[in-house]
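An overview of the molecular structure
The residues making up each chain are set out below.
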Amino acid sequence: MKLKVIYIGIFAAFLAACQEKKQDDKVVAPWGVVVDSIDTDDDFDLEEIQGSGEMILLTLTGPEYYYDYHGRHLGTQYLLAEKFAARIGVRLRIEVCRDSVEMAERLEADEGDIMACTQVGRLKASPAKDDLEKELLAWYKPEILDEVRRQEAYLLSSRSVKRRVFSPMLDRKGGVISHYDGLFQQYCRPIRWDWRLMAAQAYQESTFDPKATSWAGAKGLMQIMPATADHLGLPRDQMYDPEKSIAAAAKYLGELEQAFSDIHDRRERTNFVLAAYNGGSHHIRDAMALCQREGRNAHQWSEVSEFVLKLALPQYYNDPIVKNGYMRGSETADYVAKINQRWEGYRAVKTPRQGFTQSPRKSTRTTNKFNI
């Protein structure tokens, strides 16, 4: 009799344990319904990554790691990861970390598939992904790193922009800057810009070549990026049209004027607008934040441009106040300086009463219309 009671007790305990486990297996779904949880295989290795079509790279911001450049992604480690992703047939997703400690912790927690190592030219797979690590080690060779560095150097050089170089003045004696003076005059009026300033900017962007193309995808006279063209309502198949390019650029300059309306001095604001057109308003705002924290005048370009340059240094682009990371600040500072210098030369040109345009092969003077 006692033995029977013991068996019944054990069976009851077993049923209770099973019932408890069953309750533990139930979870509340986001829509509020209690459902059974499903056991999953935590081994999300190479085959599963290829099946999902995406590989996650954990990285830092900086020239050796990852940064945004005119809407395109660059950085030695990023380009390496991009090549490896292409090798295994997946797209690459970027997760930027605050520091190397966070990056390592997230890799250990399997929140990413690979991470950029502090040792340049190395990528490391998550500890749980043996097959991915083997594939990575078999693929990598020092020559690949050399190739990536050559590629990046080329992309950052002027050689990566395909354009014909025209003279900065079409007719100096006649006071004609370009074939497109009439268009600059027309589209600068609504934003109250000196048309000669926009002409100076156009020369800096494309040397007045309406067919200019950069590796990053910028096109046309004003070197507008495809995503910016979409935002401005410029059809991508019309990005090489000179008038469409100038009209879209003027619209964008007007938007940037509004974005920096807190800078009340118009001349100063123009410098910030030009800098944002080249380097992105988010980076310029980071430089302004650094400048203000140092007790400097964040509404004066000569002060802020110092911090634009400093955004190329780790102690600045890793600063918590900086929200958008590394920036090639020297390029943007040089961009603003060169446009201002050329503008000074163009200001001697008087605005004609009639718009002047000229086709590349034949000069014409027109009234109330523009032939390009």
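Look above for the structure.
This one's a predicted model, so the numbers in the text were calculated from it and none came from an experiment. Sequence positions are assigned chain by chain, starting from 1 and proceeding in written order. Only residues with pLDDT of 70 or above have their local features reported here, since the model is predicted, and side-chain atom pairs are shown and tallied only from 80 upward, although totals for entire chains, interfaces and linings are computed over all residues. For the side-chain quantities, the full set of heavy atoms in the structure was used; hydrogens and water were omitted.

Digging into the overall build of the protein
Scanning the protein for helices and strands turns up 15 helices and 10 strands. Counting over 372 residues, the protein shows a buried share of 44%. For the protein, restricting intrachain contacts to residue pairs at least 6 apart in sequence, the fraction spanning at least 24 positions comes to 61%. Helix and strand labels come from DSSP, where a helix needs a run of H or I of at least four residues and a strand needs a run of E of at least two; each type is numbered from the N terminus. Residue burial is assigned from relative accessible area. The probe radius is 1.4 Å, only protein chains are included, and a residue is buried under 20% of its type maximum, exposed over 50%, and partly exposed in between. We call two residues in contact whenever any of their non-hydrogen atoms come within 4.5 Å of each other.

Examining helix H10 (residues 242-259)
For a helix, the expected span equals 1.5 Å multiplied by the residue count minus one. Taking 1.5 Å per residue, 18 residues should reach 26 Å; H10 reaches 25 Å between its end C-alpha atoms and fits that length. Considered for burial, the residues of H10 that qualify are Pro242, Ser245, Ile246, Ala248, Ala249, Ala250, Leu253, Gly254, Leu256 and Glu257. The elements touched by buried residues of H10 are helix H7 (181-188), helix H8 (195-206), helix H9 (226-232), helix H11 (266-279) and helix H12 (281-293). Any pair of N or O atoms that falls within 3.5 Å is considered a polar contact. Within protein, one atom must be able to donate a hydrogen and the other to accept it, and sequence-neighbouring residues count only if both atoms are side-chain atoms. Between the side-chain oxygen at the start of H10 and the backbone nitrogen of Glu243 there is a gap of 3.0 Å, and the oxygen is on Asp241.

Examining a negative patch on the surface
Each patch is assembled from residues with relative accessible area greater than 30% and no salt bridge, linking like charges that lie within 9 Å and nonpolar side chains (Val, Leu, Ile, Met, Phe, Trp, Tyr) that lie within 5 Å. What sets the accessible areas is the Shrake-Rupley method with a 1.4 Å probe; for residues, cover comes only from the shown protein chains. When a carboxyl oxygen of Asp or Glu is within 4 Å of a side-chain nitrogen of Lys or Arg, the pair counts as a salt bridge. Counted charges follow a simple rule, with Lys and Arg positive, Asp and Glu negative, and His plus the chain ends left uncounted. Taken as the charge centre is NZ of Lys, CZ of Arg, CG of Asp or CD of Glu, depending on the residue. Together, Asp43, Glu47, Glu48, Asp130 and Asp131 make up a negatively charged patch on the protein surface. When you line up the elements, Asp131 lands in helix H5 (residues 130-139).

Re the packing of aromatic side chains
Two aromatic rings are characterised by how far apart their centres lie and by the angle between their planes. Aromatic rings from Phe, Tyr and Trp, taking only the six-membered ring of Trp, are treated as a pair when their centres fall within 6.5 Å; an angle between ring planes under 30 degrees marks them as stacked, one over 60 as edge-to-face, and anything in between as tilted. Tallied over the full model, the rule gives 10 aromatic pairs. Site record: aromatic cluster; members linked through ring pairs are Tyr67, Tyr317 and Tyr326. One cation-aromatic arrangement involves Lys310 over Phe307; the distance from NZ or CZ to the ring centre is 4.8 Å. Sitting over a ring, as applied to charges here, requires NZ of Lys or CZ of Arg to be within 6 Å of the ring centre and within 35 degrees of the ring normal.

Considerations on helix H3 (residues 76-88)
With 13 residues, H3 ought to run about 18 Å at 1.5 Å a step, and its terminal C-alpha atoms sit 19 Å apart, in line with that. Among the residues trailing H3, Gly89 stands out with phi positive, at a value near 80°.

Some words on the pattern of salt bridges
Within this structure, the stated rule accounts for 22 salt bridges. Two residues, Glu54 and Arg93, come together in a salt bridge whose shortest N-O distance is 2.9 Å. Here Glu54 is found in strand S3 (residues 54-59), whereas its partner Arg93 is found in strand S6 (residues 91-96), with 39 residues between them in sequence. Under the relative-accessibility criterion, Arg93 is labelled partly exposed at 34%. Between Lys129 and Asp110 there is a salt bridge, with the nearest N and O atoms lying 2.9 Å from each other. Of this pair, Lys129 sits in the loop between strand S8 (123-125) and H5 while Asp110 sits in the loop between helix H4 (100-108) and strand S7 (114-116), and the two are 19 residues apart along the sequence.

Quick notes on the nonpolar core
Phe184, Met198, Met222, Ile246 and Ile284 are the most contacted members of the largest nonpolar core, which has 58 residues in total. Breaking this core down by element, the ones donating at least two residues are H7, H8, H9, H10, H11, H12, helix H13 (301-310) and helix H15 (329-346). Considering every element that reaches this core, the biggest residue donor is H8, with seven residues. To form a nonpolar core, buried Ala, Val, Leu, Ile, Met, Phe, Trp, Tyr and Cys residues must be joined to one another through side-chain atoms within 4.5 Å. Core analysis: the next-biggest nonpolar cluster, separate from the first, contains 33 residues, Leu46, Leu57, Phe84 and Leu136 among them.

Focus: the side chain of Asp319
Position of Asp319 among the secondary structure elements: in the loop between helix H14 (314-317) and H15. With a relative accessible area of 12%, Asp319 lands in the buried category. Here the side chain of Asp319 touches Arg293 through a polar contact of 2.8 Å, side chain to side chain. Excluding its chain neighbours within four sequence positions, the residues that come into contact with Asp319 are Leu290, Arg293 and Pro314.

Quick notes on the sheet that holds S8
With mixed pairing, the four strands of this open sheet are ordered in space as S6-S3-S7-S8. A single partner strand is all that each edge strand has here, and the edge strands are S6 and S8. The sheet shows a mean angle of 30° between the axes of neighbouring strands, taken without regard to direction. As paired elements, S3 and S6 share six bridges and run parallel to each other. Bridge pairing in S6 places Leu58 opposite Glu95. Sheet contacts for H3: S3, S6, S7 and S8; angle to S3, the most-contacted strand, approximately 165°. On top of the sheet, H5 reaches S3, S7 and S8; it is set at about 155° to S8, its chief contact. In this analysis, strands are considered paired if DSSP registers two or more bridges between them. Simply put, an axis is a line fit to the C-alpha atoms, just over the touching stretch for a helix, and the angle between two N-to-C directions goes from 0 to 180 degrees.

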